[in-house]
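Remarks on the overall topology
Each chain, written out:
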Amino acid sequence: METWPKFYQKDVTYLHHDWDLHNLEERIEWAISHENERIEIAAAGQERYIEFTSGPQAGKLFVSHLRDILSA
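Quick look at the structure, then. (Residues numbered from 1 in each chain as written. Predicted model: local features only at pLDDT ≥ 70, side-chain atom pairs only at ≥ 80, totals over all residues. Heavy atoms only, no water.)

Notes on the packing of helix α1 (residues 24-33) against helix α2 (residues 35-53)
Rules: Comment: axis = line fitted to C-alpha atoms, over the contacting stretch for helices; angle = value between 0 and 180 degrees taken between N-to-C directions. Secondary structure elements follow DSSP: runs of H or I of four or more residues count as helices, runs of E of two or more count as strands, with numbering from the N terminus. Here roughly perpendicular refers to angles of 65 to 115 degrees, roughly parallel to angles under 35, roughly antiparallel to angles over 145, and oblique to all remaining angles. Contact criterion: two residues are considered in contact whenever any of their non-hydrogen atoms come within 4.5 Å of each other. Each residue is assigned to one of three groups, with Ala, Val, Leu, Ile, Met, Phe, Trp, Tyr, Cys and Pro labelled nonpolar, Asp, Glu, Lys and Arg labelled charged, and all others, Gly among them, labelled polar.
Orientation of α1 relative to α2, taken along the N-to-C sense of each, is 100 degrees, at an axis distance of 5 Å. It follows that α1 is roughly perpendicular to α2 by the angle criterion. Side by side, α1 and α2 meet where W30, A31, I32 and S33 of the first sit next to E35, E37, R38 and I41 of the second. Here the residues of the contact of α1 with α2 are counted per class, giving four nonpolar, one polar and three charged.

Shown next, in the form of structure tokens:
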């Protein structure tokens, strides 16, 4: 999924699964048995969200992105 900011980075900021949910049970089982990795993925997603929505540079990041769009 393409977004700005790039909140969704497969297995970095969210735990991916197939769109048809074919492997959802397998991914849930993986998450349950890999606590440290699961926590790292959750933390990375939360950090990225904060960076772009309320972090000290959030306003500058937004303005920079908006300028890029307007000048394209």
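From this point on, the discussion continues.
Examining α2
What counts, and what does not: A helix is expected to span 1.5 Å multiplied by its residue count minus one. Think of it in three bands: with a 1.4 Å probe and only protein chains considered, a residue is buried below 20% of the maximum accessible area for its type, exposed above 50%, and partly exposed in between. Relevant arc is that of directions from the helix axis to the C-beta atoms, nothing else.
With 19 residues, α2 extends 27 Å between its outermost C-alpha atoms, agreeing within 8% with the 27 Å of an ideal straight helix rising 1.5 Å per residue. Within α2, burial applies to I41, G45 and R48. Here the buried residues of α2 occupy an arc of 65 degrees about the axis, which is enough to place them on one side. Residues N36, E40, Q46 and E47 are exposed on α2 and point more than 90 degrees away from its buried face. Tucked into the core, α2 has its buried residues touching α1.

Some thoughts on the packing of aromatic side chains
The condition that has to hold: Only the six-membered ring of Trp is used, alongside the rings of Phe and Tyr, when aromatic pairs are assigned; centres must lie within 6.5 Å, and planes under 30 degrees apart are stacked while those over 60 apart are edge-to-face, with the rest tilted.
Applying the stated criterion to the full structure yields four aromatic pairs. Each ring, one from W4 and one from F62, has its centre 6.4 Å from the other, and the planes form 55 degrees; the classification is tilted. A residue pair is termed long-range when its members are at least 10 positions apart, and W4 in the segment before α1 and F62 in helix α3 (residues 58-71) qualify at 58 residues. The class for F62 is partly exposed, based on a relative accessible area of 45%. Between the aromatic rings of F7 and Y49, the centroid separation amounts to 5.6 Å while the plane-to-plane angle is 40 degrees, which identifies the pairing as tilted. On the criterion of sequence distance, the pair formed by F7 in the segment before α1 and Y49 in helix α2 is long-range, its members being 42 residues apart. Three or more aromatic residues link up through ring pairs in this structure, and these residues are W4, F52 and F62.

Some thoughts on unusual backbone geometry
For the peptide bond that leads from W4 to P5, omega is -5 degrees, which places it in the cis range. Structurally, the position occupied by P5 is in the segment before α1. The residue D11 is not glycine, and still its phi comes out positive at about 60 degrees. Tracing the backbone through its elements, the reader meets D11 in the segment before α1. Located in the positive-phi region is L21, a residue other than glycine, with phi close to 65 degrees. When its relative accessible area of 46% is taken as the criterion, L21 is described as partly exposed.

So yeah, pure geometry; function would need other evidence.
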